[in-house]
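Chain by chain, the residues:
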Amino acid sequence: MSQSLKILVVDDELLIRKAITLSAKQRGHKTQSAENGTEGLKIWKEFKPDLVFLDVLMPDMDGFTVLNQVPENVRTKVILISAHDDLNQKEIENAGADLFVKKPFPDIFQLIEKAENLVKNKN
């Protein structure tokens, strides 16, 4: 990818956060991460990422609640991630997300490429 992106990873699982941030950094992107929705929302407003990987189920504030609290002027591309695959496309779109990816990820680098393409095609 020629353009460096600002990527935020919000997930309560340390290994998921590390895997995504490390893979994104290896591709030249700037990353921030948060272990819960409250911290993620704060970083989101300050960091103003191009893309957010957002876990659906987190203890303090779930991904849908985070999305509802993001001010319109800091909206960005969002990939919801979860081990549960009972979300349908309508729920994802209604929440303000662009894509849903089920954990575990078969290929983390392919996931980052998919994210890059999502941002690149944001017209």
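Calculation rules
- Residues numbered from 1 in each chain as written.
- Predicted model: local features only at pLDDT ≥ 70, side-chain atom pairs only at ≥ 80, totals over all residues.
- Heavy atoms only, no water.
- Helix = DSSP H or I, 4+ residues; strand = E, 2+ residues; numbered from the N terminus.
- Rg over C-alpha atoms; globule rule 2.2 N^0.38 Å.
- Contact = heavy atoms within 4.5 Å.
- Pairing = 2+ DSSP bridges.
- Axes fitted to C-alpha atoms, helices over the stretch in contact; angles between N-to-C directions.

Caption draft 1: Structural context of the overall build of the protein. Assigned secondary structure in the protein consists of five helices and five strands. Its helices and strands in sequence order give the protein the pattern β-α-β-α-β-α-β-α-β-α, from N to C terminus. Scaling as 2.2 N^0.38, a compact globule of 123 residues should have a C-alpha radius of gyration of about 14 Å, and the protein matches this with 13 Å. Dimensions of the protein along its principal axes, counting C-alpha atoms only, are 35 × 30 × 30 Å. Residue pairs at least 24 apart in sequence account for 61% of intrachain contacts in the protein once pairs closer than 6 positions are excluded.

Caption draft 2: Representation of the sheet that holds strand β5 (residues 99-102). The parallel open sheet is built from five strands, whose spatial order is β2-β1-β3-β4-β5. The open sheet terminates on both sides in strands that have one partner only, identified here as β2 (30-34) and β5. This sheet shows a mean twist of 20° between the axes of neighbouring strands, independent of strand direction. Pairing geometry for strand β1 (residues 6-10) and strand β3 (residues 51-55), over four bridges, is parallel. Following the sheet pairing, isoleucine 7 is matched in β3 by leucine 51. Relative to the sheet, helix α2 (residues 37-47) contacts β1, β2, β3 and β4 (77-82), its axis offset from that of β2 by approximately 150°. Helix-sheet contacts for helix α5 (residues 108-120) involve β3, β4 and β5, and the interaxial angle to β3 is about 130°.

All quantities given are derived from atomic positions and should not be read as evidence of function.
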